[in-house]
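Listed below, chain by chain, are the residues.
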Amino acid sequence: MNVADLTVHAPPFNRNPSAWSQRLPIVALALFAAGVSIYLALYQWRLIGGVWDPFFGDGSEKVLDSHPSEQMRRWIRMPDAALGAIGYLSEAIFGLAGSTRRWQYRPWLVLLFGLDVIPLGVVSVVLVVVQGFVIGAWCSLCLLTAAISLVLVFLAYDEVWASILFLRRTWRATHDWRVLWTVFRGGAHPAAAAVALERS
C-alpha cells in the first residue's frame, strides 16, 4: 500500500472512516437531533405551550415535566433537553473538524469526538429506561433522539477504533511515550508513518 491509499483505507478497515462520506451523515443526524432537542427545551423553558407527540398524547409533557427532569434541571441549571441540544451540536462540530486523515493526523480530536458521542448514546438509553419504568410515560421525540444517539455511536465507532489501534501500534513499534504523545497530538514521526501503512 502506498501513502495515497491512506485516503481510502484506515487499518484495520478497508475504508477511510474519516472520509466526508462517513462523517457528513453523522453531522446531519446530530444537527437534526439538536433541532428536536431545542424544540423540547423550548417547552421546558415555557416558551411554547405544548409538545407535539404523534403516539403518546400528553406523554411527552409528562416526561419533560417529571420529577427526574426537574431534578436534573436543578443540578445543571438548564433543562435536560437543552443539555442534549448542546451535546448534539458539539457532535456536529467535532464531525466537521479535521481532515479526511484525522484518524492518523489528529487522534486526540477523534478520541474527543468519541468521548462526546458514546456517553451521550449511553445517557439517552438510560433516559429512555427512566421514561418507561420510573416515570410511567413515553415521549416520542425523546425516543427519536435516543435512537439517533445509538445510530451516531454505530457510525462513529470505526473512526475512533482506527485511531486507538493506530496509537496502540505506534506504541508497540516504539515503546516510547514521547513518540506516542507526539503522534497523539498530531505531530509527525517516521515510526508512526510506517505504522500507518500496516494492515493489521
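Novice: Can you help me understand the nonpolar core in this one?
Specialist: Among the nonpolar cores identified, the biggest contains 15 residues, and I26, Y88, F113, V117, L152 and A156 are the most heavily contacted of them. Residue assignment for this core shows that the elements contributing at least two residues are α1 (20-44), α4 (80-96), α6 (107-135) and α7 (140-174). Residue contributions to this core peak at 5 residues, all from α1. Each residue touching I26, except ones within four places of it in the same chain, is listed here: F113, L152, L155 and A156. Ranked by size, the runner-up nonpolar core spans 14 residues in total, among them L111, V179, V183 and V195.

Novice: How should I be thinking about unusual backbone geometry in this particular structure?
Specialist: Phi is positive for R77, close to 65°, though the residue is something other than glycine. The residue R77 is located in the loop between α3 (67-76) and α4 in this model. For H175, which is not glycine, the phi torsion reads 50° and is therefore positive.

Conventions we followed
Along each chain, numbering runs from 1 in the same order as the chain's sequence is written. With the structure being a predicted model, the display of local features is reserved for residues of pLDDT at least 70 and the display and counting of side-chain atom pairs for 80 or more, all residues being used for whole-chain, interface and lining totals. The side-chain numbers reported here are obtained from all heavy atoms of the structure, hydrogens and water having been left aside. Among buried residues, those of type Ala, Val, Leu, Ile, Met, Phe, Trp, Tyr and Cys that are joined through side-chain atoms within 4.5 Å constitute a nonpolar core. Buried, partly exposed and exposed residues are distinguished by accessible area as a fraction of the type maximum, computed with a 1.4 Å probe on protein chains only: under 20%, between the cut-offs, and over 50%, respectively. Numbering of helices and strands runs from the N terminus; a helix is a DSSP stretch of H or I covering at least four residues, while a strand is a stretch of E covering at least two. Contact criterion: two residues are considered in contact whenever any of their non-hydrogen atoms come within 4.5 Å of each other.

In short, shape yes, function no, at least from these values alone.
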